[in-house]
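Results of the structural survey
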Amino acid sequence: MSKANRPLSPHLQVYRLPMAAKMSISFRVMGVGLAIGFVFLASWLIGAGAGRDVFNGYHAFFTSWFGLLLLFGWTAAFYYHACNGVRHLVWDTGRGLSNEGAAKGNPIVFGAAIVLTILTWIIGLA
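Every value quoted in this text rests on a predicted model; they were computed, and no experiment measured them.

Attention shifts here to the UniProt feature "transmembrane region" (unreviewed entry) in the chain. On the UniProt side, "transmembrane region" (unreviewed entry) is annotated at positions that read residues 25-46, 58-80 and 101-123 here. The span residues 101-123 shows a helical share of 100% and a strand share of 0%, and its end C-alpha atoms are spaced 33 Å apart.

Taken as a whole, the largest pocket encloses approximately 410 Å³ of empty space. Lining the largest pocket are 16 residues; nearest its centre among them are G37, F40, F62, L71 and W74. Where the lining of the largest pocket is concerned, the elements lending two or more residues are α1 (19-50), α2 (52-62) and α3 (65-92). No other element matches the seven residues that α1 contributes to the lining of the largest pocket. Across the lining of the largest pocket, the residue classes tally to eleven nonpolar, five polar and no charged. Volume-wise, the second largest pocket comes out at about 170 Å³.

A few words on the environment of A103. On the secondary structure map, A103 appears in helix α4 (residues 99-125). According to the relative accessible area criterion, A103 is partly exposed, its value standing at 46%. When the C-alpha positions of A103 and P18 are compared, they lie 9.3 Å apart, and in sequence the two are 85 residues distant.

Here is what the cut-offs are and how they apply
- Residues numbered from 1 in each chain as written.
- Predicted model: local features only at pLDDT ≥ 70, side-chain atom pairs only at ≥ 80, totals over all residues.
- Heavy atoms only, no water.
- UniProt positions renumbered as here; feature names shortened; annotations may be inferred.
- Helix = DSSP H or I, 4+ residues; strand = E, 2+ residues; numbered from the N terminus.
- 1 Å grid on protein atoms, 1.4 Å probe; cavity = no way out; pocket = protein on both sides within 12 Å on 5 of 7 lines; lining within 4 Å.
- Points joined across faces, edges and corners; volume = space filled by probe spheres on them.
- Nonpolar A, V, L, I, M, F, W, Y, C, P; charged D, E, K, R; others polar.
- Buried < 20%, exposed > 50% of the residue type's maximum accessible area, 1.4 Å probe, protein only.

This is the structure in C-alpha cells:
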C-alpha cells in the first residue's frame, strides 16, 4: 500500500469527540483555572494584610470590568468543577456509568453550574 492510499488515523479534524469526553477535558481545564484563581485569591488576602494601599490596588483591579470578568469565570469554573465532582461521586457508587447515564448527566452538570453561577452573582451584586 502506498503512502497516499493509507487510511488516516482519526484526529480532531475528522473525529468528533463525544460530549462526555468534552466534559472530561473541560473538567480538567477548569481545575487548572481554579488553581490560578486561588493564586489570585491568596494574593488578594496577602494584600489585605499588607495594608490599605496594597488592598486598594487589588480592589481597583477586581472591581474593574476585567477583574469582574475574571471573577465571573472563576465562579463558573468553581461550580462546574464542583458539579462534575458530585457526578464523579455518584459514579463511584456505580450509578450512571453507562453511556446513557453519562449522556443524561452532562446537561444536568452543565445546567446546574450555570444556575449556581448566575444565582451567586445575583445574590452577590444585590
